[in-house]
Every structure is written in C-alpha cells, then in structure tokens.
Amino acid sequence: MNNKLIDKTPINRIYRQPRSQSGAVLVVALLMLLVLTTLGVATINSTNINLQLVQSQQRQQETEQVAENAINYLLSDIDYFANNSAYLDGNGDFTLSFPADVSNGMTVAVNSLQCLLQATPSGCSLVEGSSAPCHPDYYWEANVSVTDSTSGASSTFVEGFKFRYLAGYCPI
C-alpha cells in the first residue's frame, strides 16, 4: 500500500463535538412557529368576517328582491286598486297575504297603498255623453317592507306608479 494516500488526522479533530449547546436554534424555531400560527389564525378570522359580510349582503339583496316582487304582485291585479277599501283593516292599513313564491319565507308588510291623485288628462271630459270622453289618470304610491327573521335584514321600498282606469277609483 501506498502510505502517502492515508490521512493520519485524528477522527476527533474532524468531527468536533460542541462542549455546550445554548438552544438558540430551538428558541428561533419556536418563535417562527408562533409567528406562522398567529398569521394562520388571523387569516382564518379575516376569512370568517368576510364570509359573514358577504352572507349579510346576500340576505339584504334577497329582501330587496322580495320587496320588488311584492310591489310587482300588487301591480299585477287591478282589484287591489279598484276595490282598495276591501283590503283595509279596522285601522285603515292595507292588508294582503302574499303567496310563498313572492314572500320567499320572509315577512312582507304593505305599509301603505294609497291613491295620491286623480287627474283628468288634457283634451278630454269626464262628463257622460261628451264628445271627448276619457278615463282619468291615477297616481298611486306603494310602500312595502320586508324583513328576514333569520338574519334580521330588512328593506323598505316606496314606489309610485300611474295608470288609467274608470272614474271614481281613487279614494282620496
């Protein structure tokens, strides 16, 4: 064998064993773990808050859609206007129960449905037998409130509309 190829360095010199460990690596690793855990918890909390905001906004939009559906339901039947007094309770409040497909499980209340004005269009007469008979224009206002009992979201819509009908159907 060739003696020049063998290294005579003692093994304990190559692999030195530390005499004392201070634990700095462990402390740094634990601090990093704490920081990462805190960031993770903060991210989850932020996501939960955002989810609650989106759900609240969706319920609010649903109440607005139900309020619009209720007003459209009112507009779909002239009887609510022509026989308005038949739908008034003892206090003079308009009462109507809406079908489930309109209310969508929410509480719908018609706060008011009232005729504001009866106007005769220009160029015609309401006198029978006149040469230019016509029907008056009625200006109505509907005020509808919707409340979702689950989330507490609520919306109130006030909408005005005009239609032409026979004379005498505006209980002002």
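Please refer to the structure higher up on the page.
The structure presented is a predicted model; accordingly, all values stated were derived computationally and were not measured.

Draft legend 1. Examining the nonpolar core more closely. Ranked by size, the top nonpolar core spans 25 residues in total, and within it Leu74, Tyr80, Phe94, Leu113, Trp140 and Val144 carry the most contacts. Among the elements of the structure, helix 2 (24–75), helix 3 (79–82), strand 1 (107–119), strand 2 (137–147) and strand 3 (154–164) are those that each provide at least two residues to this core. Excluding residues within four positions of it along the chain, Phe94 makes contact with Leu74, Tyr80, Asn84, Tyr87, Leu88, Val110 and Leu113.

Draft legend 2. Quick look at the pattern of salt bridges. Here the structure, examined in full by the defined rule, presents three salt bridges. The partner of Asp148 in a salt bridge is Arg59, with the nearest N and O atoms 2.6 Å apart. Of this pair, Asp148 sits in the loop between strand 2 and strand 3 while Arg59 is found in helix 2, placing the two residues 89 residues apart along the sequence. The class for Arg59 is partly exposed, based on a relative accessible area of 25%. Put simply, Arg164 and Asp137 hold a salt bridge, and the shortest N to O gap is 2.8 Å. Placement of Arg164 in strand 3 and of Asp137 in strand 2 is noted, with a sequence separation of 27 residues between them. Residue classification places Arg164 among the exposed positions, given a relative accessible area of 51%. One network of salt bridges, with partners in common, ties together Arg59, Glu62 and Asp148.

Draft legend 3. Looking closely at the pairing of strand 2. With eight of its eleven residues buried, strand 2 lies for the most part within the structure. Strand direction decides the pairing type here: strand 1 and strand 2, joined by eleven bridges, are antiparallel. By the bridge assignment, Leu113 is partnered in strand 2 with Ala142. Relative to strand 3, strand 2 is paired through eleven bridges, and the arrangement is antiparallel. Across the sheet, Asn143 pairs through a bridge with Val158, a residue of strand 3. If you look at the hairpin formed by strand 2 and strand 3, you'll find six residues sitting between the two strands, and Gly152 has a positive phi there, around 85°.

Draft legend 4. Expanded view of the environment of Tyr87. In this structure, Tyr87 sits in the loop between helix 3 and helix 4 (100–103). Take Tyr87: its relative accessible area is 18%, and that puts it in the buried class. For the pair Tyr87 and Leu113, spaced 26 residues apart in sequence, the C-alpha to C-alpha distance is 9.9 Å. Ignoring any residue separated from it by four or fewer positions in sequence, one finds Tyr87 in contact with Asp79, Tyr80, Asp93, Phe94, Thr95 and Leu96.

Cut-offs and rules
- Residues numbered from 1 in each chain as written.
- Predicted model: local features only at pLDDT ≥ 70, side-chain atom pairs only at ≥ 80, totals over all residues.
- Heavy atoms only, no water.
- Core = buried A, V, L, I, M, F, W, Y, C linked by side-chain atoms within 4.5 Å.
- Buried < 20%, exposed > 50% of the residue type's maximum accessible area, 1.4 Å probe, protein only.
- Helix = DSSP H or I, 4+ residues; strand = E, 2+ residues; numbered from the N terminus.
- Contact = heavy atoms within 4.5 Å.
- Salt bridge = Lys/Arg side-chain N within 4 Å of Asp/Glu carboxyl O.
- Pairing = 2+ DSSP bridges.

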